[in-house]
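Take a look at the letters that make up each chain.
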Amino acid sequence: MEMEREQIVWRHHPEFDRLDPLSPLSVGNGEFAFTSDITGLQTFPEQYEVPLGTQSNWGWHFTGGRGRFSAKDAALQMFETHGRQVGYPMKPGDKPEAYQWLRQNPHRLHLGRLSFRFLDEAGEELGYSDAGQFRQKLDLWTGILSSKFEIRGVPVEVTTACHPEADILGVRVISPLIREGRLQVFIRFPAPDMTHSAWAKSVFADWESDHRHDTVLVRQEKGTALLERTLDEERYAVRWRWNIGRLEQTETHEFTLNPGESQDESPNESPEELTFSVGFAAGSPGVADFEAIVSASIRHWESFWQSGGAVSFAGSSDPRAFELERRVVLSQWLCAIHSGGSMPPQETGLMYNSWFGKSHLEMHWWHAAHFALWGRASILRRSLDWYNGILPVARELALSQGYEGARWPKMVGFDGIPCPSPVAPGLIWQQPHPIAMSELCYKADPAQETLRGFRDIVFESADFMVSFAHWNESKDAFDLGPPLIPAQECHPMNTSVNPPYELEYWKYGLDIAIKWADRLGIQPNPRWVEVANNLAAPPRLDGVYLAHELAPDTFTENNHDHPSMLCALGVLPGKLVDRETMRRTLWKVKDDWKWESAWGWDFPVCAMTAARLGEQDLAVDFLLMDEMKNTFLPNGHNYQRPGLTAYLPGNGGLLTAVAMMACGWEGEEDLHCPGFPASGWTVQWEGLKPWL
């Protein structure tokens, strides 16, 4: 029976009757997003604990201009690497200015704050205390945000939408305040710089340093204006179109639209209705009428929800089922608008800057792998293609360290250039990600075009992997590290060797590379076969797996951060893993881990491991564990801590785990919902794809 998809989505539209300081709502298209407050614009940002951003994948800035420093300017710390020294930029050393600049640049821009200004009868500006009777709803099925409220008893209705194919925001406002000349709309632009590593509102947007940027009204005609922004060497433009009113510059970087000052309204237009659109672009911004934006949004989101996968838990007796369904629906929306673009996203998506707005490539899998499982591999391909563009950077990184192939960096801007960090340069678990995601795309579209399109990514990733592995004669096996930092980042670089997740991922990635060579009708690199078949066994002690070979204190001193050893069976198929040892490890993690230190994607990891082991009740318990970092706010975002109120790897991980638990995995496709208990759960799904 065909599922009633619209009903599933409708059950979970976010609705508010008061301002929630942690849960602003966003509209977007994967390349651009606008985060609104309770008014439908960004009118009361001071009332929120979350920055209200307007961000894109193209809007970046370099303090003082591009090329002020390069990787060659950073100090390197040398690490013994099997008889040779390899340098990594882990600390500022004697070059602190270069270290900090490279970490902070490029950083993603806040493109501008679009707000209402409300006035009393005397022309004095009103504030949040003058607003009330809030009603706000995000219609996920159409992508339309509707906001209703009153300003001193006068009603205001606002409709906000984002064009699905262009970075254009459309807004309609209906209120008597327009006719009375007491409602204005203004856009204000912040200075571009970021000066330290926090992600508080004050850092995300600097509203004081007017001298650090320029805003010019290039052209204004009837009902339209073009603004140009200059920030050191970076430029972008903003095009504004409106139906009634007049635009004027009200501050150095502020422009105000006053609809009450219009003298030439069309006789068919109500003086109580204002419609406008605002387009942003690095070049020439697009323009569209409000009605066209709304129509495009409706078509796009109806198509999104009608295609791909769907899951319903209706009819379940477990009281947690409705909440899990809510998280699933909202996570699909959030990942589509924040993680569905042309490059790997930052961990807070297009809401506001975390870690200077940069992408963390070890998180890309968690942001985007689920798209393929939910029948939307075309979205995954958008960001996977980005790796082809940064191949020269990855090759140079590998070569600089004496390795072959391409070494994918960890923390990067749009250009893929790695930055210094106390952790990022030492991680390796992002290395097989592009191989795994390429394989997901091939399964969705098993064509020669897919193989050719991602061939270099797969093969050069594998070349680095075998170059990195070191033959240990005493073990008669290949080791990984040292130096490396495992996915569980609390372990030292120079004493970490053979973490289970990385070992299993090396095996999986190399096996896939071998398959790709066979599909293309060529001989695989013989080193791929040699290393894949002779990796060290995942280390264990007292019947459980360890964080790595030299970590006997895994469950006493290092039982915090990510329990990443579990990924070796669950996230991955576990070809190197003993199932009963992993079962004991899973239960020990459950009992002994410091869960307040975990991260949002750790709970889906545990659920996936439990599902593979047939522990269905435990899988659901992990997925819905009552811990702070497993909190999903009313807007659907995965809350981690103050300042990091949105964490999209948690949303993507949830979607991956649910798809796996419902649809199964290779070799178990015939099982019905193998990750959910038979008792208490009614699971209906369609359009999902099996996991590895």
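The text that follows walks through the structure, step by step, so that each part is easy to find. (Residues numbered from 1 in each chain as written. Predicted model: local features only at pLDDT ≥ 70, side-chain atom pairs only at ≥ 80, totals over all residues. Heavy atoms only, no water.)

**Some remarks on the pattern of salt bridges**
Side chains bearing opposite charge may pair, as long as their charged atoms lie close to each other.
Next, step 1: Enumeration according to the criterion identifies 33 salt bridges in this entry.
Next, step 2: With a shortest N-O distance of 2.9 Å, Arg152 and Asp130 are connected by a salt bridge. Here Arg152, found in the loop between strand 11 (144-151) and strand 12 (154-162), pairs with Asp130, found in the loop between strand 9 (113-118) and strand 10 (131-139); they are 22 residues apart in sequence, far enough to count as distant.
Next, step 3: The exposure class of Arg152 is exposed, given its relative accessible area of 51%.
Next, step 4: The class of Asp130 is buried, set by a relative accessible area of 18%.
Next, step 5: Arg381 is paired through a salt bridge with Asp445; the nearest N and O atoms lie 3.9 Å apart. Pair noted here: Arg381 is in helix 8 (residues 377-384) and Asp445 is in the loop between helix 11 (433-444) and helix 12 (448-468), with a separation of 64 residues, a long-range link.
Next, step 6: One continuous salt-bridge network, built from bridges that share partners, spans Arg117, Glu125 and Glu254. (Salt bridge = Lys/Arg side-chain N within 4 Å of Asp/Glu carboxyl O. Helix = DSSP H or I, 4+ residues; strand = E, 2+ residues; numbered from the N terminus. Buried < 20%, exposed > 50% of the residue type's maximum accessible area, 1.4 Å probe, protein only.)

**Let's talk about the environment of Leu145**
Next, step 1: Within the secondary structure, Leu145 is located in strand 11.
Next, step 2: Its relative accessible area of 1% is what places Leu145 among the buried residues.
Next, step 3: When the C-alpha positions of Leu145 and Glu15 are compared, they lie 9.9 Å apart, and in sequence the two are 130 residues distant.

**Some thoughts on the sheet that holds strand 18 (residues 246-251)**
Next, step 1: In spatial order, the strands read 9-14-19-18; together these four strands make up an open sheet with antiparallel pairing. Strands with a single pairing partner mark the edges of an open sheet, and in this sheet they are strand 9 and strand 18. Strand-to-strand twist of the sheet, defined as the mean angle between neighbouring strand axes without regard to direction, takes the value 30 degrees.
Next, step 2: Note: strand 18 against strand 19 (residues 254-258), five bridges, orientation antiparallel. Among the inter-strand pairings, Arg246 is bridged to a residue of strand 19, identified as Asn258. (Pairing = 2+ DSSP bridges. Axes fitted to C-alpha atoms, helices over the stretch in contact; angles between N-to-C directions.)

**Section: the sheet that holds strand 12**
Next, step 1: With respect to topology, nine strands assemble into an open sheet ordered 1-10-11-12-13-20-17-16-15, the strand pairing being antiparallel. Each having just a single partner strand, strand 1 (15-16) and strand 15 (214-221) make up the two edges of the open sheet.
Next, step 2: Pairing of strand 16 (residues 224-231) with strand 17 (residues 234-242) involves eight bridges; the strand directions are antiparallel. Within strand 17, the residue paired with Leu231 across the bridge is Glu234.
Next, step 3: Against the sheet, helix 5 (residues 290-306) contacts strand 11, strand 12, strand 13 (168-174) and strand 20 (273-281), and its axis sits at roughly 115 degrees relative to strand 13. (Contact = heavy atoms within 4.5 Å.)

**What about the environment of Arg103?**
Next, step 1: Its place among the elements puts Arg103 in helix 2 (residues 96-104).
Next, step 2: The exposure class assigned to Arg103 is buried, which follows from its relative accessible area of 11%.
Next, step 3: In this structure, the C-alpha to C-alpha distance between Arg103 and Lys358, residues 255 residues apart in sequence, is 9.2 Å.
Next, step 4: Ignoring sequence-local partners within four residues, the contact set of Arg103 consists of Phe356, Lys358, Met411, Cys419, Pro420, Ser421 and Pro422.

**Description of the nonpolar core**
Next, step 1: Ranked by internal contacts, the top residues of the largest apolar core, which has 215 residues, are Leu114, Val173, Ile187, Trp240, Phe276, Leu324 and Phe676.
Next, step 2: If near-sequence neighbours (up to four positions away) are discounted, Leu324 is found in contact with Phe313, Leu623, Leu624, Leu654, Val658, Phe676 and Trp681.
Next, step 3: Within the second largest apolar cluster, seven residues are counted, among which are Ile144, Ala288, Ile293 and Val294. (Core = buried A, V, L, I, M, F, W, Y, C linked by side-chain atoms within 4.5 Å.)

**Section: the pairing of strand 6 (residues 77-80)**
Next, step 1: Judged by which residues are buried, strand 6 turns out to be one-sided: Gln77 and Phe79 face inward and are buried, whereas Met78 and Glu80, on the alternate face, are not.
Next, step 2: Relative to strand 7 (residues 85-88), strand 6 runs antiparallel, the two sharing four bridges. By the bridge assignment, Glu80 is partnered in strand 7 with Gln85.

**Examining helix 12**
Next, step 1: Taking 1.5 Å per residue, 21 residues should reach 30 Å; helix 12 reaches 29 Å between its end C-alpha atoms and fits that length.
Next, step 2: Along helix 12, the helix axis deviates most sharply at Phe454, where the bend reaches about 55 degrees. (Expected span 1.5 Å × (residues − 1). Bend = angle between axes of the 7 residues up to and from the residue.)

**Looking at unusual backbone geometry**
Next, step 1: Cis geometry is found at the peptide bond from Asn105 to Pro106, where omega equals -10 degrees.
Next, step 2: With respect to the helices and strands, Pro106 occurs in the loop between helix 2 and strand 8 (107-108).
Next, step 3: For the peptide bond that leads from Pro482 to Pro483, omega is 5 degrees, which places it in the cis range.
Next, step 4: Along the polypeptide, Pro483 turns up in the loop between strand 25 (477-479) and helix 13 (500-519).

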